[in-house]
Amino acid sequence: MLSHSGNLFWSDARMPYVETRKACTSRTCYKSHSHETFSIGAVDAGFSCFSSAFHQFERLTPGSLVIVPAFTEHSCNPLPNQDWSYQMMHLDASWLSALIEEGLSNSIEQKIPVLKPEIIRKSEVYQSFCKMNETLFNPNFTVLEKEQQLIDTLIQFIFPSMS
């Protein structure tokens, strides 16, 4: 775990398909961009504005999650002259595709989810994401425990009917 001016970063060479960070009281703004990774953002405090080709300036409140597929242009920034705190997780798209395929093989009737940005405003999903992120940051959990928590939580986002 690394810390840089109000940001905490977590990654582990034994789990190269995931990295995550926590930003506290940030005022940093980003131009519209995309990632090579599948990304999940969670608003912890303050308010922000999310936009993409699918969402024009959606206001996000604490407890909101945004799921952004790889290579999808988007921006998410605090409201003008305000700060916010958030968590951001990046997942390797190939690893996630394999997880989805495995999930499909376990359920013949399941359909591949449409991969476009999605805003989730369900407190139980937000709490589950936060718990997963805390597990990743916690050095007292083994890699296997971290991976299991990650997969269990992702299944809630990707295949909610399976959880």
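Below or above, wherever it landed, is the structure these notes cover. (Residues numbered from 1 in each chain as written. Predicted model: local features only at pLDDT ≥ 70, side-chain atom pairs only at ≥ 80, totals over all residues. Heavy atoms only, no water.)

Overview of the pattern of salt bridges
For the structure on display, the rule yields three salt bridges. Across the pair Arg-14 and Asp-12 runs a salt bridge whose closest N-O atoms are separated by 2.7 Å. Put simply, Lys-22 and Glu-134 hold a salt bridge, and the shortest N to O gap is 2.4 Å. You can see Lys-22 sitting in strand E3 (residues 18–26) and its partner Glu-134 sitting in helix H2 (residues 123–137), a full 112 residues away along the chain. (Salt bridge = Lys/Arg side-chain N within 4 Å of Asp/Glu carboxyl O. Helix = DSSP H or I, 4+ residues; strand = E, 2+ residues; numbered from the N terminus.)

Observations regarding the environment of Gly-63
Mapped onto the secondary structure, Gly-63 falls in the loop between strand E6 (58–60) and strand E7 (65–68). Excluding its chain neighbours within four sequence positions, the residues that come into contact with Gly-63 are Val-43, Ile-120 and Tyr-126. (Contact = heavy atoms within 4.5 Å.)

Regarding unusual backbone geometry
Its identity is not glycine, yet Phe-57 carries a phi of approximately 50 degrees, on the positive side. For Phe-57, the position within the fold is in the loop between strand E5 (48–52) and E6. Exposure remark for Phe-57: the relative accessible area of 60% places this residue in the exposed category. In the Ramachandran plot, Asn-81 falls in the positive-phi region, its phi being about 60 degrees despite a non-glycine side chain. By the element assignment, Asn-81 lies in the loop between strand E8 (74–78) and strand E9 (84–92). (Buried < 20%, exposed > 50% of the residue type's maximum accessible area, 1.4 Å probe, protein only.)

Overview of the layout of surface pockets
Each pocket or cavity is described by its volume, and for the second largest pocket that value is around 280 Å³. If you trace the second largest pocket, you find 20 residues lining it, with His-33, His-74, Cys-76, Tyr-86 and Met-88 closest to the centre. At the level of secondary structure, the elements contributing two or more residues to the lining of the second largest pocket comprise strand E4 (37–45), E7, E8 and E9. If one sorts the elements of the lining of the second largest pocket by residue count, E9 sits on top with five residues. (1 Å grid on protein atoms, 1.4 Å probe; cavity = no way out; pocket = protein on both sides within 12 Å on 5 of 7 lines; lining within 4 Å. Points joined across faces, edges and corners; volume = space filled by probe spheres on them.)

Considerations on the sheet that holds E8
Taken together, three strands build an open sheet; the order of strands is E6-E5-E8 and the sheet is antiparallel. The outermost strands of the open sheet, each flanked by one partner alone, are E6 and E8. The sheet shows a mean angle of 25 degrees between the axes of neighbouring strands, taken without regard to direction. Direction of pairing for E5 relative to E8: antiparallel, over a ladder of five bridges. The residue bridging Ser-51 from the neighbouring strand is Ser-75, located in E8. (Pairing = 2+ DSSP bridges. Axes fitted to C-alpha atoms, helices over the stretch in contact; angles between N-to-C directions.)

Focus on the pairing of E7
Residues Leu-65 and Ile-67 of E7 are buried on one face, and the alternating residues Val-66 and Val-68, pointing to the opposite face, are buried as well. Looking at chain direction, E7 and strand E10 (residues 118–120) are connected through three bridges and run antiparallel. Note that in E10 the partner of Val-66 across the bridge is Ile-119.

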